[in-house]
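Per-entry structural report
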Amino acid sequence: MLRFSKMHGLGNDFVVLDGRTAPLSLNVASIRALADRRTGVGFDQLLSVEPARDPSCAFYYGIWNTDGSPSGQCGNGVRCVAAWLHRAGTLALGEAVRLESPSGPVTVRLLNAHEVTVDMGEPVFAPARIPFAAEAEADRYAIEVDGDALEIGAVSMGNPHAVVMAEALAEGVPERLGPALSTHPRFAAGTNAGFVRRADRSHLQLRVHERGAGWTQACGTGACAAMAVLRRRGEVDESVQVDLPGGALRIAWPGPGHTLWMTGPAAFVFEGTWLAD
Ligand SMILES: N[C@H](CCC[C@H](N)C(=O)O)C(=O)O
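The name an unreviewed UniProt entry assigns to the chain is Diaminopimelate epimerase, from the organism Rhodanobacter geophilus. In its Pathway (unreviewed entry) section, UniProt records this for the chain: "Amino-acid biosynthesis; L-lysine biosynthesis via DAP pathway; DL-2,6-diaminopimelate from LL-2,6-diaminopimelate: step 1/1." Entered under Sequence similarities (unreviewed entry) in the UniProt record, the comment concerning the chain runs "Belongs to the diaminopimelate epimerase family."

Here it is, written out as structure tokens:
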């Protein structure tokens, strides 16, 4: 039987599995079964906590979407992993620790039992590393999505992100374009599609159609991506509040050559035992 913790970061919800002492046998079918919001537990992403492969890191965490697809990073998720480790007695308040994600190490620090700050590393704009098909790296790219001519930013936070300015879009257009952009062929591995409004230089509003999970209440890497794209264009300050449907995150990034910090909450909901075969 599999014990699990149900957690969320601003309504982006997770099931966390403890793989520290025994390997987890996961496959697409079992992940999708656990993800089902009627016959399973339900989550946007499944997170595992496992022994680190990188000796400089304390633990490794795995990330899978509702559809069973893996991801290289999960911003709301890593904050929940940090809070989970604190509750498990292996991470003290105020202690900084390196955790190994599928896309490389990040450093987390618990500000208190429910708030975590994370060094998410440096945003990556090189198209080949996103991956995104483009002639050259740019602040903006023209792309046709479902017959509409769009302008996007593209960046990786360890997972791919397209960022669209929503001010220019008519009511209802993001709902149509989100799924189409997430599966656009220029993003060879798919992409998370963020639709952002700039209230001012230190305040953004964002909704994200996530790769492999659809519209979510919050997307941590999406908030990082939107800020990074606008910061690189010189349109926001080095510290911004990003309001998502589920609540607000604080993102700080001076610019290229620096790492980006994300700060926000992590919450426990319940613990349980998975009985289905
Ligand atoms: N759907 C994402 C993974 C989860 C990202 C999001 N929940 C976050 O908080 O960063 C992807 O496939 O890249």
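Annotation of the chain at the domain level lists domain 1 (2–121 + 265–274) and domain 2 (127–256). Centre-to-centre, using C-alpha coordinates, domain 1 lies 23 Å away from domain 2. Residue-level contacts link 21 residues of domain 1 with 19 residues of domain 2. The largest share of the area that domain 1 buries against domain 2 comes from Leu10, Gln73 and Met120, three residues that together contribute 37% of it. At the boundary of domain 1 with domain 2, the tally comes to 0 salt bridges. In this structure, the connection of domain 1 to domain 2 is made through 6 residue pairs in polar contact (both at pLDDT 80 or more). The residue inventory of the side of domain 1 that touches domain 2, partitioned by class, reads 5 nonpolar, 13 polar and 3 charged.

Counting residues in hydrophobic clusters, the biggest one holds 54 residues, and the most contacted among them are Val78, Leu99, Val108 and Ile251. Top contributing element to this core by residue count: helix α4 (residues 220–232), with 8 residues. Counting contributing residues per domain, this core is built from domain 1 (2–121 + 265–274) and domain 2 (127–256), each supplying no fewer than three. When residues no more than four places from it in sequence are discounted, the contact partners of Val108 are Val78, Ala82, Leu91, Glu95, Ala96, Val97, Leu99, Val116, Thr117 and Val118. With 18 residues, the next largest nonpolar core counts Ile152, Val164, Ala166 and Leu181 among its residues.

In this section: the packing of aromatic side chains. Scanning the entire structure with this criterion turns up 5 aromatic pairs. Ring plane angle 70° and centroid distance 4.9 Å describe the contact between Phe132 and Tyr141, whose orientation is recorded as edge-to-face. This pair shows no difference in class: Phe132 is buried, exactly as Tyr141 is. Within the aromatic cluster, the residues linked to one another by ring pairs are Phe132, Tyr141 and Phe187. The ring of Tyr60 carries Arg53 above its face, with NZ or CZ at 3.6 Å from the centroid. For the cation-ring pair, Arg87 lies above Phe268, with the distance from its terminal atom to the ring centre recorded as 4.9 Å.

As a further point, take the UniProt feature "active site" (unreviewed entry) in the chain. Per the UniProt record, the feature "active site" (unreviewed entry) sits at Cys74 and Cys219. With the annotated positions falling across 146 residues, the maximum pairwise C-alpha distance of 7.8 Å places them together in a single cluster. Along the chain, Cys74 turns up in the loop between β4 (59–65) and α2 (75–87). Cys74 sits in the buried class, given a relative accessible area of 6%.

In the numbering adopted here, UniProt assigns the feature "site: Important for dimerization" (unreviewed entry) to Phe270. Here Phe270 shows up in strand β17 (residues 267–274). Residue Phe270 is classed as partly exposed on the basis of its relative accessible area of 37%. Beyond its immediate stretch of four places on either side in the chain, Phe270 contacts Phe4, Ser5, Lys6 and Val41.

What counts and how
- Residues numbered from 1 in each chain as written.
- Predicted model: local features only at pLDDT ≥ 70, side-chain atom pairs only at ≥ 80, totals over all residues.
- Heavy atoms only, no water.
- UniProt positions renumbered as here; feature names shortened; annotations may be inferred.
- Domains from an automatic or database assignment.
- Contact = heavy atoms within 4.5 Å.
- Buried area = accessible area lost by both parts, 1.4 Å probe.
- Salt bridge = Lys/Arg side-chain N within 4 Å of Asp/Glu carboxyl O.
- Polar contact = N/O pair within 3.5 Å; in protein donor to acceptor, adjacent residues only side chain to side chain.
- Nonpolar A, V, L, I, M, F, W, Y, C, P; charged D, E, K, R; others polar.
- Core = buried A, V, L, I, M, F, W, Y, C linked by side-chain atoms within 4.5 Å.
- Buried < 20%, exposed > 50% of the residue type's maximum accessible area, 1.4 Å probe, protein only.
- Helix = DSSP H or I, 4+ residues; strand = E, 2+ residues; numbered from the N terminus.
- Phe/Tyr/Trp six-rings, centres within 6.5 Å; stacked < 30°, edge-to-face > 60°.
- Lys NZ or Arg CZ within 6 Å of the ring centre and 35° of its normal.

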